[in-house]
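A look at the structure
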Amino acid sequence: MGAILIKNGHVIDPANRVDARRDVLVEGGRIAAVGTGLSAPEAQVIDASGLYVFPGFVDLHVHLREPGREDEETIRTGTRAAAAGGFTSVCAMPNTTPVIDRATGINYLRSATQRDALVNVFPAAAVTVGQQGKEITEFGDLIRRGAVAFTDDGHCVADSEIMRRALEYTAMFDVPVLDHCEDPMLKRDGVIHEGRVSMMLGLRGIPAVSETVIVARDIALAEYVGGHVHIQHVSTRRSVELIREGKRRGVRVTAEVTPHHLALTEEACLTFDTNAKVAPPLRSEDDRQSLIEGLRDGTLDAIATDHAPHTDIEKDMVFTEAPFGTIGLEFAFAVCHGELVATDRMDLATLVEKMTVVPAAILRLNKGTLSVGADADITIVDLGLEKTISRGTLLSKSYNTPFLGKTLRGFPVHTLVGGRLVYSNGKIV
Ligand code: DOR
């Protein structure tokens, strides 16, 4: 693999407190040097003048749909979408068909990703067999084979005793349990946030309290048994308050928020757009403001896309029948930059931190920095680049996003994984 010299970019590497114009030299797949006036006669030069150079983004929460739902996404298409979005590492959710709940599943994913993945893929395994919520999986075996976390994502771990055991066992191995916090009894067959819009549309609501009760329970359990609970896709003000309070008490609780929950509200469902049907649902403007505030003050640690591809056929149904989920990898940075940085609510370095070193730390991954010797996972971003989100430009196999047709600004122009250029100027290399 040849050396690459990234010249004259504005480097932001939050872990090393770098926020200045620097050159980055990549050799042997690793960061060889970060400095000014670097030269390397043999190296391929990428001129990053006017561009930003960040550690590759790390996504804690991605559905690649393999095995079983290759009509929605594959490891190949999902990781191409990731590369286009500047993500160099993704954690794959286990709610596949079959569920990733045993050694054969992890082994399959590892060999399939070796063959097909364009970016690093770290598998999460299910908390319970078949995600049925009844019987815990073989945590030790799954971790030995490469699982970096446990989650029944798509479903909540509803049984409190199971959640307690999961936190106890994972604490022994120092890996997190990622919980999808929706009480199924309170959610029932709700399809949209319970509030003004659900009333107007006559759709069955999912009350905010369905999240509150599980977030409160998970924090209480993590405090009691000492495990690390990570709250997925936080959507309500009350959750933010509970997590803030839990952190203050010293509980090992971390949390993520999605670009769609940061940028959109229940109003996105007013047109019955099934692409805005997600779990947990888009909530009120007051909730959205609290998520931004929580991200700013560190209550919410990381941004994660919950990239959840579904086919046109699945989404082209009446609102009540369509599946929950939206894609997000390819424009997550643009959405967050527009919502947080362009509005002066967050500085760019903090946004980068929440998409790199912090999510990496939650999964104990040695990723998300430009430290000398680190894997050369790098994303080079043009903050001025505008794109209209459209079927013609998306690399994901599915197009289910409420941002279709919207013009956003701030996109990666080059992505490097392990020192190799994998995406450049709109194309997979
Ligand atoms: O909207 C969602 N879709 N939320 C989830 O947690 C699961 C996901 C999916 O798998 O489609």
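The model shown is predicted, which means the values in this text are computed figures rather than measured ones.

1. Concerning the site of the ligand
In the vicinity of the ligand lie 14 residues, with Arg65, Asn95, His180, Ala279 and His310 positioned nearest. Between an oxygen atom of the ligand and a side-chain N or O atom of His63, the distance comes to 3.5 Å. Between the ligand and His310, the relevant distance is 2.9 Å, taken from an oxygen atom to a side-chain nitrogen or oxygen of the residue. The residue makeup of the shell around the ligand, split by class, is four nonpolar, seven polar and three charged.

2. Some points on the sheet that holds strand E14 (residues 253-257)
Reading across the sheet, the eight strands line up as E6-E7-E8-E9-E10-E13-E14-E15 and stay open at both edges, with parallel pairing between neighbours. Each of the sheet's edge strands pairs with one partner strand only, and the pair in question is strand E6 (57-62) and strand E15 (302-303). Bridge count between strand E10 (residues 177-179) and strand E13 (residues 229-231): three bridges; the pairing is parallel. Paired with Asp179 across the two strands is Ile231, which belongs to E13.

3. A few points about the environment of Ser290
With respect to the secondary-structure elements, Ser290 resides in helix H10 (residues 285-296). Remark: the alpha-carbon pair of Ser290 and Lys397, spanning 107 residues in sequence, is separated by 33 Å.

4. Points about the pattern of salt bridges
Where charged atoms from two side chains of opposite charge come close, those side chains can pair. Following the criterion strictly, the structure yields 34 salt bridges and no others. For Arg248, the salt bridge goes to Glu245, with nearest N and O atoms at 2.5 Å. One end of the pair, Arg248, and the other, Glu245, are both in helix H8 (residues 237-248), three residues apart, so they sit about a helical turn from each other. Since its relative accessible area comes to 66%, Arg248 is described here as exposed. Among the ionic pairs, Asp312 bridges to Arg391, the shortest N-O distance being 2.9 Å. Remark: Arg391 occurs in the loop between strand E16 (378-388) and strand E17 (407-417) and Asp312 occurs in helix H11 (residues 312-315); sequence separation between them is 79 residues. By relative accessible area, which is 42% here, Arg391 ends up partly exposed. Each of Arg65, Arg69, Asp71, Glu72 and Glu314 takes part in salt bridges that share partners, so that together they form one network.

5. What to know about the packing of aromatic side chains
Across all of its chains, the model carries eight aromatic pairs by this definition. On the basis of an interplanar angle of 50° and a centroid distance of 5.8 Å, the ring pair of Phe54 and Phe333 is categorised as tilted. With Phe54 in strand E5 (residues 52-55) and Phe333 in helix H12 (residues 332-341), the pair connects residues that are 279 residues apart, well separated along the chain. Overall, Phe54 belongs to the buried group, its relative accessible area being 0%. Exposure remark for Phe333: the relative accessible area of 1% places this residue in the buried category. Taken together, a centroid distance of 5.4 Å and an interplanar angle of 15° make the contact between Phe57 and Phe333 stacked. With Phe57 in strand E6 and Phe333 in helix H12, this residue pair connects regions lying 276 residues apart in the sequence.

6. Some words on the pairing of strand E1 (residues 4-13)
Among the ten residues that make up E1, seven are buried, leaving the element largely enclosed by the rest of the structure. Bridge analysis of E1 against strand E2 (residues 18-27) gives eight bridges, and the strand direction is antiparallel. Within E2, the position partnered with Ile6 by the bridge is Val24. Between the antiparallel neighbours E1 and E2 lie four residues, among them Arg17 with a positive phi of about 55°. Across two bridges, the pairing between E1 and E5 is parallel. Residue pairing in the sheet places Val11 in a bridge with Val53 of E5.

Cut-offs and rules
Residues numbered from 1 in each chain as written. Predicted model: local features only at pLDDT ≥ 70, side-chain atom pairs only at ≥ 80, totals over all residues. Heavy atoms only, no water. Near = heavy atom within 4 Å. Polar contact = N/O pair within 3.5 Å; in protein donor to acceptor, adjacent residues only side chain to side chain. Nonpolar A, V, L, I, M, F, W, Y, C, P; charged D, E, K, R; others polar. Pairing = 2+ DSSP bridges. Helix = DSSP H or I, 4+ residues; strand = E, 2+ residues; numbered from the N terminus. Salt bridge = Lys/Arg side-chain N within 4 Å of Asp/Glu carboxyl O. Buried < 20%, exposed > 50% of the residue type's maximum accessible area, 1.4 Å probe, protein only. Phe/Tyr/Trp six-rings, centres within 6.5 Å; stacked < 30°, edge-to-face > 60°.

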